[in-house]
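# Summary of the model geometry
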Amino acid sequence: MSAELEIRFNNLYLEYFHKAEQHRRWNLLNDIPWEQVKTQPDQNIATVVQAYFAVEMYLPDYTSKILHLIRASRGRGWFQANWGYEESKHSLALEMWLTKSGAMTQEQVFEYTEQLLAGEWRLPYDTPLEMMLYTTLQEFATSLNYRGLRKYAQEKGDGALDKVLHLLSRDETAHFEFFKNGSLLFMEHNRDRALESLNHVIRTFQMPAQELIPGWKANDQLIRDLGIFNDRMYMRDVVKPVLKALGVEAEELREARRRLEEV
């Protein structure tokens, strides 16, 4: 990476950091109306929240493995450390809802997290470029998941969960913006290579850690059945908006695929 590009990544992080400090930081104890939590929650909602909580449990792997891949880049490395802090708040917020609502006891949470942490998440791609593009899609999809669950859960009248999901989806949108802008820097640097990598990532994309979570197949089916997230939504509500945000036309992406097939 050129020195100029690294300077731009560092500036991108500083812009992200200052906006977060001024407008988006929230307090786990004070900014969520925990007194409005509903006990004996809807089982479908509790199951999906637990599934999202499980995904967050691989935060040590997400943070450390990506940091190792990009550790020579100050802007990207510092962002990843900041991202880890924000995601840790997400896991704590989901855990607090699970225990305060009575969906899980603290002992059950402890046993569950021990089971989850026995597995290890591995990077789905080998290069910083591919991981930047992957996280662009993944953060957009994660925000969509939280918004979908919030919409489904709103009729249950749980003010605490509603605020949790609002805060988490807002954070994920901010994460997407950083990764999207970072992807645009890569595309300016070498557009053909970035498009070829984007094509590969779109075709092989999976949300993180699903293969590690016990019972994920049933959880995934429930998420689909509730209309929170599915394959059609991935293409329509994730891939298409992300391509638009990156300024990529469908024909340009098809041309990149043809180049890959010719190799």
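Look above for the structure.
Rules used in this analysis
Residues numbered from 1 in each chain as written. Predicted model: local features only at pLDDT ≥ 70, side-chain atom pairs only at ≥ 80, totals over all residues. Heavy atoms only, no water. Helix = DSSP H or I, 4+ residues; strand = E, 2+ residues; numbered from the N terminus. Rg over C-alpha atoms; globule rule 2.2 N^0.38 Å. Contact = heavy atoms within 4.5 Å. Lys, Arg positive; Asp, Glu negative; His and termini not counted. Charge placed at Lys NZ, Arg CZ, Asp CG, Glu CD. Phe/Tyr/Trp six-rings, centres within 6.5 Å; stacked < 30°, edge-to-face > 60°. Buried < 20%, exposed > 50% of the residue type's maximum accessible area, 1.4 Å probe, protein only. Lys NZ or Arg CZ within 6 Å of the ring centre and 35° of its normal. Expected span 1.5 Å × (residues − 1). 1 Å grid on protein atoms, 1.4 Å probe; cavity = no way out; pocket = protein on both sides within 12 Å on 5 of 7 lines; lining within 4 Å. Points joined across faces, edges and corners; volume = space filled by probe spheres on them. Nonpolar A, V, L, I, M, F, W, Y, C, P; charged D, E, K, R; others polar.

Okay, the overall build of the protein chain next. Broken down by element type, the protein chain carries eleven helices and zero strands. Secondary structure of the protein chain in N-to-C order comes out as α-α-α-α-α-α-α-α-α-α-α. Taken against the 2.2 N^0.38 rule, which gives 18 Å for 263 residues, the C-alpha radius of gyration of the protein chain at 19 Å falls within 12% of a compact globule. Once the C-alpha set of the protein chain is aligned to its principal axes, its extents read approximately 55 × 35 × 35 Å. Contacts in the protein chain between residues far apart in sequence, at least 24 positions, make up 86% of those at least 6 positions apart. Treating the 32 positive side-chain charges of the protein chain as one cloud and the 39 negative ones as another, the clouds have centres 4 Å apart.

Moving on: the packing of aromatic side chains. The description of two aromatic rings rests on the distance between their centres and on the angle between their planes. The full count for this structure, using the stated rule, is 14 aromatic pairs. Measuring from ring centre to ring centre gives 5.4 Å for Tyr52 and Tyr146, while their planes differ by 85°; the resulting arrangement is edge-to-face. Of the two residues, Tyr52 is situated in helix 2 (residues 43-56) and Tyr146 in helix 6 (residues 128-153); the sequence distance between them amounts to 94 residues. One exposure class covers both Tyr52 and Tyr146, and it is buried. When the ring of Phe79 is compared with that of Phe178, the centres are 3.7 Å apart and the planes differ by 5°; the resulting orientation is stacked. Pair noted here: Phe79 is in helix 4 (residues 74-100) and Phe178 is in helix 7 (residues 159-189), with a separation of 99 residues, a long-range link. For Phe178, a relative accessible area of 2% translates into the label buried. Following the ring pairs from residue to residue traces out a cluster consisting of Tyr16, Phe79, Phe178 and Phe179. Seen from the ring of Trp78, Arg74 lies directly overhead, with NZ or CZ sitting 5.8 Å from the centre. Geometry around Phe9 places Arg76 over its ring, the cationic atom sitting 4.8 Å from the centre.

Glancing now at helix 3 (residues 59-70). Taking 1.5 Å per residue as the helical rise, helix 3 with its twelve residues ought to reach 16 Å, and the 16 Å between its terminal C-alpha atoms agrees with that figure. Within helix 3 the residues assigned to the buried category are Leu59, Asp61, Tyr62, Thr63, Ile66 and Ile70. Looking at the buried positions of helix 3, the neighbouring elements they touch are helix 2, helix 4 and helix 6.

Moving on, we come to the layout of surface pockets. Empty space within the largest pocket amounts to approximately 640 Å³. Taken together, 36 residues line the largest pocket, and the ones lying closest to its centre are Phe205, Gln206, Met207, Pro208 and Gln210. Elements supplying a minimum of two residues to the lining of the largest pocket: helix 2, helix 3, helix 4, helix 6, helix 7, helix 8 (191-204), helix 9 (216-225) and helix 10 (231-246). Here the residues of the lining of the largest pocket sort into 19 nonpolar, eight polar and nine charged. Put simply, the second largest pocket is a space of about 230 Å³.

A few words on unusual backbone geometry. In this structure, Gln40 takes a positive phi of about 50° despite not being glycine. By the secondary structure assignment, Gln40 is in the loop between helix 1 (3-24) and helix 2. Residue Gln40 is classed as exposed on the basis of its relative accessible area, which comes to 75%. The backbone of Ala209 shows a phi angle near 70°, a positive value even though the residue is not glycine. Tracing the chain through its elements places Ala209 in the loop between helix 8 and helix 9.

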